[in-house]
Every structure is written in structure tokens, then in C-alpha cells.
Amino acid sequence: MKNLIGSASINYRKSTGRRKALRQPLDGKRKMVDAPAIPNEAETRAKWGDFAWTPENARTAAMYIARYPAGRQASAVMALLDLAQRQVGAETKTQGWLPVPVIEFVAAQLGMPYMRAYEVATFYTMYNLAPVGRFHVQVCGTTPCMLRGSDDVLAACKNRGLVKGGTTPDGLFTLTEVECLGACANAPMVQINDDNFEDLTYDSMSAILEALATDKPVKIGPQIDRQTSCPEGGPTTLKEMVK
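The rules behind the values
- Residues numbered from 1 in each chain as written.
- Predicted model: local features only at pLDDT ≥ 70, side-chain atom pairs only at ≥ 80, totals over all residues.
- Heavy atoms only, no water.
- Core = buried A, V, L, I, M, F, W, Y, C linked by side-chain atoms within 4.5 Å.
- Buried < 20%, exposed > 50% of the residue type's maximum accessible area, 1.4 Å probe, protein only.
- Helix = DSSP H or I, 4+ residues; strand = E, 2+ residues; numbered from the N terminus.
- Contact = heavy atoms within 4.5 Å.
- pLDDT = per-residue confidence, 0-100.
- Salt bridge = Lys/Arg side-chain N within 4 Å of Asp/Glu carboxyl O.
- Pairing = 2+ DSSP bridges.
- Right-handed = clockwise from strand over helix to strand, strands pointing away.
- Axes fitted to C-alpha atoms, helices over the stretch in contact; angles between N-to-C directions.

*Asks:* Got a minute to help me understand the nonpolar core in this structure?
*Replies:* Across soluble globular proteins, nonpolar side chains show a tendency to be buried alongside one another. In terms of nonpolar packing, the biggest core is built from 24 residues, with Trp53, Leu80, Leu81, Leu98 and Leu110 touching the most fellow members. The set of elements that each furnish at least two residues to this core consists of helix H3 (55-65), helix H4 (77-92), helix H5 (100-110) and helix H6 (114-123). In terms of residue count, the dominant contributor to this core is H4 (6 residues). Apart from the residues within four sequence positions on either side, Leu110 is in contact with Ile65, Gln73, Ala74, Ala76, Val77 and Leu80. Counting residues in hydrophobic clusters, the runner-up holds 19 residues, among them Leu154, Ala156, Cys157 and Phe173.

Below you can see the structure in the form of C-alpha cells.
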């Protein structure tokens, strides 16, 4: 048993070291995630301390809560945090974020401690703890995307003026590097607000950013000739079924 524990400890240290190595290039400058700039709490409370649902969102929140038995309404916390973030986004004309008073509002409505709601908001990258721009560009930097060219995607962002953990001066783009977004077969990929953009290259990512900046339509999903995660170029089996 002692040997097994010792071996597990060594393997853990090795795996931790590998993860750190993957997150640092040879020049040592790359960071997996840059911490967002959390606004001053006094200013945040002054602006968002009286947060309340719009009439439409109040009905939506009630609908989410009603899906759970009495006494289990805390199960709706993820849905309500998302709804609150979207309301903040609509009011600020951005992708939205969750000021502390807004999280407190949601926790109070669900009858749960604020810290429990805050734990949820800090666990999932779908929730923003600091203001973001109109387009929140979340680049997957996990191993499949990194091996398939996520560094090229980040380079396209950088050359457009995007900096990890920051928002462009015009308030248009916020860049975040995140963990796996679940589209490994279409690596590399990014999520921009609610949409995925997949099978990216430096050029296609640059074109997407340019289109968004100029209010032009963009193609959501794979940026190459394939449907979702099907083989590139079309079906390779059962071809008669798609005619």
C-alpha cells in the first residue's frame, strides 16, 4: 500500500508538471488564463445594488424555479445566473457579466447562501465575473486544439489588438483562453458569445473578427467543407442515404 501511495504521488507530480509545461512555451511567456480585472466593489454596488428582473425575465425566472420541487429551488441557480448575466448584457450592450450584487440577488431569490451561488459562478467559464465586450471571444487552449493550431487562432486575435484577459479600447472584443469546449473533432475552435466557430486557421479567424467588427454576417460552425463534425468533404459511407 505504501508503494502504491508513493507511486501515485510521483505520478501526480509528473502529470502536474506536464500540465504546467503544456501551458508554457519555450519563452515562458504564455499563460493559460489571465485574471480579469474585477471592478471596484463600491462602484459596482452603486451601479448594480438595486438590480431587479425585468417583467419578462421575472416570468422566466419563475418558470425555471417551478421546474424543481419545493425546497429544491436552489437547483435553478445556473439558469438564473445565466438569465441575470444576459439581462446585464442587454443593459450594457455587451455579452454580460455578473456583478456581486446581482449574484446576491439570485441567491436571495433562491433562498441559498451567497457563497453557494458564487461557487457556481466561479466554477463555470460561461459566467463572467468582470465586464466584457460586445463579443466575448473564448479560445480553447486545451491539448487537441493546441495541437491543431490554437496558437494561430490566438495570433490572429493578437494581431487584431485583442489581449488575453482584456477588452479592446472600443469595447468590442474581450479575449479569454479557456479549457475544453467539447468540440475536439473540430479543433481548433472558439466560442464567441453563444456560437461556436470551428476548424479555424489564422486567416479564417482573422476574417471572423473583421466581419464582427464591421457588422457583417458570419458563418457559424465549421469554417471548412464539412457538416458539423462529419468527415471533411462529405460522407465516406452510406452515401446513397444522403442523395
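*Asks:* Sorry, what's going on with the confidence of the model for the protein chain here?
*Replies:* Reading predicted coordinates in detail is not appropriate for stretches of low pLDDT. The predicted model of the protein chain has a mean per-residue pLDDT of 86, with 84% of residues at 70 or higher. Between residues 1-32, whose pLDDT stays under 50, and residues either more than four places distant or in other chains, the model counts 26 contacts.

*Asks:* Honestly, the pattern of salt bridges in this entry has me stumped. Any pointers?
*Replies:* Proximity of charged atoms lets side chains of opposite charge pair with each other. For the structure shown, the criterion picks out 8 salt bridges. Of the charged contacts in the structure, one is a salt bridge between Glu41 and Arg45, with a shortest N-O distance of 3.0 Å. Here Arg45 and Glu41 lie together in helix H2 (residues 41-48), a separation of 4 residues that amounts to about one turn. Under the relative-accessibility criterion, Glu41 is labelled partly exposed at 47%. For Arg45, a relative accessible area of 33% gives the class partly exposed. Linking Glu177 and Lys164 is a salt bridge whose minimum nitrogen-to-oxygen distance equals 2.8 Å. Here Lys164 lies in the loop between helix H8 (150-159) and strand E2 (173-178) and Glu177 lies in strand E2, a separation of 13 residues in the sequence.

*Asks:* Could you clarify how one ought to interpret the pairing of strand E4 (residues 195-198) in this entry?
*Replies:* In terms of strand pairing, strand E3 (residues 190-192) meets E4 through 3 bridges, oriented antiparallel. Paired with Val190 across the bridge in E4 is Phe197. Here E4 pairs with strand E5 (residues 221-222) via 2 bridges, running parallel. Note on E5: the bridge partner recorded for Glu198 is Pro222. At this point the chain moves from E4, through helix H9 (residues 202-213), to the parallel E5, and the crossover so formed is left-handed.

*Asks:* What is the right way to look at unusual backbone geometry in this model?
*Replies:* A negative phi holds for most residues other than glycine; trans holds for most peptide bonds. Along the chain, Ala187 connects to Pro188 via a cis peptide bond; the corresponding omega equals -5 degrees. Within the secondary structure, Pro188 sits in the loop between E2 and E3. A positive phi angle, close to 55 degrees, is found at Lys93, a residue other than glycine. In this structure, Lys93 sits in the loop between H4 and H5. Here the phi dihedral of Asp215 falls at roughly 60 degrees; this positive angle occurs in a residue that is not glycine.

*Asks:* Teacher, can you tell me more about the sheet that holds strand E1 (residues 135-140) here?
*Replies:* Paired through their backbone hydrogen bonds, the strands of a sheet run either parallel or antiparallel. Taken in spatial order, the 5 strands line up as E2-E1-E3-E4-E5 in an open sheet, and their pairing is mixed. Looking at the sheet topology across the chains shown, the edges are occupied by E2 and E5. Taken strand by strand, H8 contacts E1, E2 and E3, and its axis lies near 155 degrees from that of E1. In this fold H9 packs onto E1, E2, E3 and E4, with an angle of close to 5 degrees to the strand it touches most, E3.

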